[in-house]
Amino acid sequence: MPHTVRDVVFVDGVRTPFGKAGPKGIYHETRADDLVVKAIRELLRRNPGLDPQKVDEVAIAATTQIGDQGLTIGRTAGILAGLPTTVPGYSIDRMCAGALTAVTSVAGSVAFGAYDVAIAGGVEHMGRHPMGEGVDPNPRFVSEKLVDESALFMGMTAENLHDRYPQITKLRADEYAVRSQEKAAKAYANGKIQADLVPISVRRTSPEAGETGWGLVTADEPMRPGTTLENLSGLKTPFRVHGRVTAGNAAGLNDGATASVIASEDFARENGLPVKMRLVSYAFAGVEPEVMGYGPIPATEKALAKAGLAISDIGLFEINEAFAVQVLAFLDHYGIADDDERVNQYGGAIAFGHPLASSGVRLMTQLARQFEERPEVRYGLVTMCVGFGMGATVIWENPHFDGGDK
């Protein structure tokens, strides 16, 4: 029997507030799996039309799949979140594009007809599990010059990208970073972010008082509102002497989790679930690992070609800000201004943080919010670079589109 491809929709997405990795971070005493469980529970609470028995899959990404991020976290998180044991689950690793790949993987299965509805998301507790913990890269990578040694260090790959694009100066990267902080602060002030955050109760140890207390986390910890160019100009360049990449123009090391509901449009309508975005196309591409940040460009070319669209058709962009230089390389390639209002309207990872495998769904959730506000925009795009030389892009259509200009 031939299959007809079904329309796939983004029903809803939530995330925990993002924290700073390390002993002083808000989630230092919190387990990684508990973060993603809270996100899944919040999705179920917000969408009473979704019968937990009907969930066909739980796909959860983590980059460092050990400890409390191991044990096939899609399966274990589903059980911990109270889903019936009949609901299966699995884990995914595509480094920074983990949650994005969780979404596209289940979306393909929904389109094919294997699933009606699935939960997809990601988690990264970089405080407990630094990127690369416990890995053993094959010595052939370096001995046979399969990749440049810098490919294993993300900050060095960002410096390499600056080399490739000499017009992207440290000043431009810093200016971009300041705008990201300003936009994030404004989005918070206007209530654009809080609606999709899951408050998390955390244990806090106060070394001074020698006591433990409980607190409620309701906002992102990494944000630095009021950041100025002066603040950024004096920061160290840890990856290269007289380099251009600093802690101020890159995302930090973070903890956090995201989750989303992906369904066929028919299933969503029949069960009274919201339709926030409609999937148009997605693509992944590889580039030389030592210039990882270039990845979104060929991935976007592929996704646009598959959709029969041009970059001028895209009315909103959510670009992951692993490093300012990587966003600027993308914008330069397409002739888009550094401060184009279509790009990262609410700010990006430089402000909010980038807990690797969870970030893709944060980008989608923010795009879905903007679609609601902007019915004149028909298409939006989510893109990110991926460790070891990849890019990932997903194009979405605005279901609220009213036939405006784009």
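Rules used throughout
Residues numbered from 1 in each chain as written. Predicted model: local features only at pLDDT ≥ 70, side-chain atom pairs only at ≥ 80, totals over all residues. Heavy atoms only, no water. Buried < 20%, exposed > 50% of the residue type's maximum accessible area, 1.4 Å probe, protein only. Helix = DSSP H or I, 4+ residues; strand = E, 2+ residues; numbered from the N terminus. Contact = heavy atoms within 4.5 Å. 1 Å grid on protein atoms, 1.4 Å probe; cavity = no way out; pocket = protein on both sides within 12 Å on 5 of 7 lines; lining within 4 Å. Points joined across faces, edges and corners; volume = space filled by probe spheres on them. Nonpolar A, V, L, I, M, F, W, Y, C, P; charged D, E, K, R; others polar. Pairing = 2+ DSSP bridges. Phe/Tyr/Trp six-rings, centres within 6.5 Å; stacked < 30°, edge-to-face > 60°. Disulfide = S-S within 2.5 Å. Axes fitted to C-alpha atoms, helices over the stretch in contact; angles between N-to-C directions. Parallel < 35°, antiparallel > 145°, perpendicular 65-115°, else oblique. Right-handed = clockwise from strand over helix to strand, strands pointing away. Lys, Arg positive; Asp, Glu negative; His and termini not counted. Salt bridge = Lys/Arg side-chain N within 4 Å of Asp/Glu carboxyl O. Polar contact = N/O pair within 3.5 Å; in protein donor to acceptor, adjacent residues only side chain to side chain.

### Observations regarding helix H5 (residues 154-164)
For step 1, the next point in the chain: Taking burial as the measure, the 11 residues of H5 include 8 buried ones, the bulk of the element.
For step 2, the next point in the chain: Among the residues making up H5, those that are buried are Met 154, Gly 155, Thr 157, Ala 158, Glu 159, Asn 160, Leu 161 and His 162.
For step 3, the next point in the chain: Contacts from the buried residues of H5 go to helix H6 (170-189) and helix H10 (324-334).

### Brief notes about empty space enclosed by the protein
For step 1, the next point in the chain: Considering all chains together, one arrives at 2 cavities of 30 Å³ or more under this definition.
For step 2, the next point in the chain: Estimates place the volume of the largest cavity at around 70 Å³.
For step 3, the next point in the chain: Looking at which element gives the most residues to the lining of the largest cavity, the answer is helix H12 (residues 359-373), with 4 residues.
For step 4, the next point in the chain: Class assignment of the residues belonging to the lining of the largest cavity gives a composition of 3 nonpolar, 2 polar and 5 charged.
For step 5, the next point in the chain: In this structure, the second largest cavity spans a volume of roughly 40 Å³.

### A few points about the pairing of strand S4 (residues 89-92)
Looking down a regular strand, the side chains alternate between one sheet face and the other.
For step 1, the next point in the chain: As defined by bridge partners, strand S3 (residues 57-61) adjoins S4 across 4 bridges and the pair is classed as parallel. Counted as the bridge partner of Ala 61 is Ile 92 from S4.

### Comments concerning H10
For step 1, the next point in the chain: For H10, the tally of buried residues reaches 9 of 11 residues, placing the bulk of the element in the interior.
For step 2, the next point in the chain: The set of residues buried in H10 consists of Ala 324, Val 325, Gln 326, Val 327, Leu 328, Ala 329, Phe 330, Leu 331 and Tyr 334.
For step 3, the next point in the chain: Each element contacted by the buried residues of H10 is listed here: H5, H6, helix H9 (296-307), strand S10 (314-319), helix H11 (349-352) and strand S11 (379-386).
For step 4, the next point in the chain: Backbone geometry just downstream of H10 places Gly 335 in the positive-phi region, at approximately 65°.

### Quick word on the packing of aromatic side chains
For step 1, the next point in the chain: If you walk through the whole model with that rule in mind, you get 6 aromatic pairs.
For step 2, the next point in the chain: Here Phe 10 and Trp 396 contribute two aromatic rings whose centre-to-centre distance is 5.8 Å and whose plane-to-plane angle is 75°, an arrangement assigned as edge-to-face. Of this pair, Phe 10 sits in strand S1 (residues 8-15) while Trp 396 is found in strand S12 (residues 390-397), placing the two residues 386 residues apart along the sequence.
For step 3, the next point in the chain: By relative accessible area, Trp 396 is classed as buried at 1%.
For step 4, the next point in the chain: Between Tyr 282 and Phe 284, the ring centres sit 6.3 Å apart and the planes meet at 70°, which makes this aromatic pair edge-to-face.
For step 5, the next point in the chain: On the basis of relative accessible area, Phe 284 is assigned to the buried category, the value being 17%.
For step 6, the next point in the chain: Taken together, Phe 317, Phe 330 and Tyr 334 form an aromatic cluster joined through their ring pairs.

### Points about the state of the cysteines
For step 1, the next point in the chain: Per the stated rule, a full pass over the model turns up 0 disulfides.
For step 2, the next point in the chain: The thiol sulfur of Cys 96 is not disulfide-bonded, and the nearest other cysteine sulfur, from Cys 385, lies at 6.0 Å.
For step 3, the next point in the chain: Residue class for Cys 385 comes out buried when judged on its relative accessible area of 0%.

### Describing the packing of helix H3 (residues 98-112) against H12
For step 1, the next point in the chain: Relative orientation of the contacting elements H3 and H12 amounts to 70°, with a least axis distance of 5 Å. For the element pair H3 / H12, the angle class is roughly perpendicular. Along its contact with H3, which presents Ala 99, Leu 100 and Val 103, the element H12 presents Gly 360, Val 361 and Met 364.

### Structural notes on the pairing of S3
For step 1, the next point in the chain: With 5 of 5 residues buried, S3 lies mostly within the body of the structure.
For step 2, the next point in the chain: Residues of S3 alternate between two faces, with Glu 57, Ala 59 and Ala 61 on one and Val 58 and Ile 60 on the opposite face, all of them buried.
For step 3, the next point in the chain: With 5 bridges connecting them, S3 and strand S5 (residues 117-125) associate as parallel partners. Note that in S5 the partner of Val 58 across the bridge is Ile 119.
For step 4, the next point in the chain: Handedness of the β-α-β unit built from S3, helix H2 (residues 73-80) and S4 comes out right-handed.

### A word on the environment of Val 142
For step 1, the next point in the chain: In this fold, Val 142 is placed in helix H4 (residues 140-143).
For step 2, the next point in the chain: Here Val 142 falls in the partly exposed class, since its relative accessible area comes to 34%.
For step 3, the next point in the chain: With 103 residues separating them along the chain, Val 142 and Ala 39 place their C-alpha atoms 40 Å apart.

### What to know about the side chain of Asp 255
For step 1, the next point in the chain: Among the secondary structure elements, Asp 255 is positioned in strand S8 (residues 254-264).
For step 2, the next point in the chain: Although Asp 255 lies buried, it forms no salt bridge, and the closest oppositely charged side chain, Arg 128, sits 7.4 Å away as judged by the N-O distance.
For step 3, the next point in the chain: Among the polar contacts made by the side chain of Asp 255, one reaches the side chain of His 125 at a distance of 3.4 Å.
For step 4, the next point in the chain: Setting aside anything within four residues of it in sequence, one finds Asp 255 in contact with Pro 17, Phe 18, Gly 19, Lys 20, Ala 21, Tyr 27, Glu 124, His 125, Met 126, Gly 127 and Pro 355.

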